[in-house]
Amino acid sequence: MTFSRALASAGAPIGASGGQKPVGTWIFDLDNTLYPGSCRLFDQVQVKIRQFIRGHLGLDEAGALDLQKRYFREHMTTLRGLMINDGVDPHAFLGYVHDVDLSGVQADPALDRAIAALPGRKVIFTNGSVPHATRILEKVGIGDHFDGIFDIVASDFIPKPDMGVYRRLCGAYAIEPETAVMIDDMPRNLVPAHTLGMTTVLIQDGDVFATLDDAAAMAESIHHSTGNLAEFLAAYLATRQVAARNTATVES
């Protein structure tokens, strides 16, 4: 099943009329979600991860790449694998791999306007760190709009898509899943959100399911997709305004 075909049967409304509750909380991933993947910022992080592995475990580049991929596959993040198997200090790791050049990340006035206009709270939910998130938000120009950052430290270094972390996020911010929207660029991270009753939005770049064995199961958890977050949110806001005018007309 391709993503486009699966999505055609999804399309859960976002805060629509007809009994759908309004959005109470918007949950945003950080990397490759609040800035485009074309910035190649996360490529820098991947290089830094391998450099860290080489320096701490004495592996060559090929060995570091193999370990990075294996830990990501087995533990959901390379960091988690390094902590469990190699006793790596997570704070040292995060400080090293997030020391990257942000010159490729540009301010996004359209995204700034759209997020500012959204009703409800806005929370960052990231497998990165608060300092990394803060730098990114400032560079994009959207740092003033968020009520909190739930990072990998807050989750005790247990990463998305572990279901327990989503429950911890909801507890920390008193989030009602049925009134929450979660936006992420990784399909697997939206599966637990869907299971909890959240509306999900995938930041899509190409056929994200092409190499996934469980593509169909993941696709069923994706309610909306977009290649441009600012445009998607602007369209939501426009639809909301039309609905409000129609309601006012009926009531008058």
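Source: prediction; values computed, not measured.

Caption draft 1: Seen up close, the overall build of the protein chain. Helices and strands together make up the secondary structure of the protein chain, namely eleven helices and six strands. Within the span of the protein chain, comprising 252 residues, buried residues form 44% of the whole. Considering only residue pairs separated by 6 or more positions, the protein chain has 67% of its internal contacts joining residues 24 or more positions apart. Accessible area for the protein chain stands at about 12,000 Å²; split by element, carbon and sulfur atoms hold 52% of it.

Caption draft 2: Up close: the nonpolar core. By size, the foremost hydrophobic cluster in this structure holds 48 residues, and its most contacted members are W26, F28, L34, F93, L111, I183 and L233. Residues within four places of F28 in sequence aside, it is in contact with L34, I115, L118, K122, V123, I124, F125, F146, I183, L229 and L233.

Caption draft 3: Quick look at unusual backbone geometry. The omega torsion across K160 and P161 is 10 degrees, close enough to zero to call that bond cis. Located in the positive-phi region is N32, a residue other than glycine, with phi close to 65 degrees. The class for N32 is partly exposed, based on a relative accessible area of 21%. Residue D156 is not a glycine yet carries a positive backbone phi of 55 degrees. In this structure, D156 sits in the loop between β3 (148-150) and α8 (163-172).

Reading the values: rules and limits
- Residues numbered from 1 in each chain as written.
- Predicted model: local features only at pLDDT ≥ 70, side-chain atom pairs only at ≥ 80, totals over all residues.
- Heavy atoms only, no water.
- Helix = DSSP H or I, 4+ residues; strand = E, 2+ residues; numbered from the N terminus.
- Buried < 20%, exposed > 50% of the residue type's maximum accessible area, 1.4 Å probe, protein only.
- Contact = heavy atoms within 4.5 Å.
- Areas by Shrake-Rupley, 256 points an atom, 1.4 Å probe, with all protein chains shown as cover.
- Core = buried A, V, L, I, M, F, W, Y, C linked by side-chain atoms within 4.5 Å.

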